[in-house]
Amino acid sequence: LSLASFIPSAIDLGFKIATNSLEKRQKKFTGEYSTQNSYLEADNKTIPNIIFERKIYLNSKFETSLKVVLKANEVKNRDYYYYYIESIDLKYSKAKTTKKSRMFDYTFEIKPFFYIGEEKKSQELHPISLSSIKFGNHKLENDKYRTDIIPLPKGGIFAGVSIKIIETNPDKVKADKILEIYNSYKDDAKTIINNFIKTD
């Protein structure tokens, strides 16, 4: 593995800058979730679906507060695929509600990573946005909320994925503001990475 494999990507840093750039009074109306997992069946050379599930301990038991299902779809006759959000089930939010708004906007960063021989590489994708999600279980239209097309590296295998979710109350923080700040800073984030990390 190269040293660069262990460094947060520019898109990760971009999101950190974005959330740090929010005014303090807005931060309580924003929630952030993130996780990463390896794909232990990589030998099958398949692309797995993703289930993100957050549990909280409430009333002496664990309950699912947020569950998001992302399905992998292959592009016909191509070594390409993409993810789309199939459903989102929201029971308890991290972001605070208001009297005017008990719904949320979501911004999803999905980053798959691959092994090509012994080298680990990741694919940066533009975030997906969802608006006006209420509490409850929501089945979404197939392929409507999807990632960019992801090419499978020649000779590479899918090794895992990281996912970061930004949850915002639109009455206080607009999802487009998150994306605006992210887009404003992502080039600076890449510059920071490039200046400090040697990949040769």
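Computed from a prediction, not measured in an experiment: that's the story for all the values here.

**Examining the confidence of the model for the protein chain**
Stage number 1. Across the protein chain, pLDDT averages 78, with 72% of residues at or above 70.
Stage number 2. Element-level pLDDT for the protein chain is lowest in helix α3 (residues 175–196), with a mean of 55, against a maximum mean of 95 in strand β8 (residues 136–139).
Stage number 3. Low pLDDT, under 50, characterises residues 1–11; the predicted model gives this stretch 22 contacts beyond four residues in sequence or across chains.

**A word on the pattern of salt bridges**
Stage number 1. Scanning the model with the defined rule gives 4 salt bridges in all.
Stage number 2. When the shortest N-O distance is used, the salt bridge between E86 and K139 registers 3.3 Å. Here E86 is found in strand β4 (residues 80–90), whereas its partner K139 is found in strand β8, with 53 residues between them in sequence.
Stage number 3. A salt bridge links K121 to E119; the nearest nitrogen and oxygen atoms lie 3.4 Å apart.
Stage number 4. Salt bridges linked by common partners bring K71, E86 and K139 together as one network.

**Observations concerning a positive patch on the surface**
Stage number 1. Residues K28, K96, K100 and K172 make up a contiguous surface patch of positive charge.
Stage number 2. Inspection of the secondary structure assignment puts K100 in the loop between β4 and β5 (103–116).

Rules of the game
Chains are numbered independently. Their residues run from 1 in the order of the written sequence. Totals for whole chains, interfaces and linings use all residues, but because this is a predicted model, local features are given only for residues with pLDDT of at least 70 and pairs of side-chain atoms are given and counted only at 80 or more. Calculation of side-chain values draws on the structure's entire complement of heavy atoms; hydrogens and water are dropped beforehand. Residue-level confidence of the predictor is what pLDDT reports, using numbers from 0 through 100. In this description a helix means any DSSP run of H or I spanning at least four residues, a strand means any run of E spanning at least two, and both kinds are numbered starting from the N terminus. Two residues qualify as a contact provided that any one of their heavy atoms is within 4.5 Å of a heavy atom in the partner residue. Take a side-chain nitrogen of Lys or Arg and a carboxyl oxygen of Asp or Glu: if they are within 4 Å of each other, that pair is a salt bridge. Patch membership needs two things, relative accessible area over 30% and no salt bridge, and members are linked within 9 Å if like-charged or within 5 Å if nonpolar (Val, Leu, Ile, Met, Phe, Trp, Tyr). Only the protein chains shown count as cover for residues, and the accessible areas themselves come from Shrake-Rupley with a 1.4 Å probe. For this count, His and the chain ends are skipped, Lys and Arg are scored as positive, and Asp and Glu as negative. For the purpose of locating charges, the reference atoms are NZ of Lys, CZ of Arg, CG of Asp and CD of Glu.

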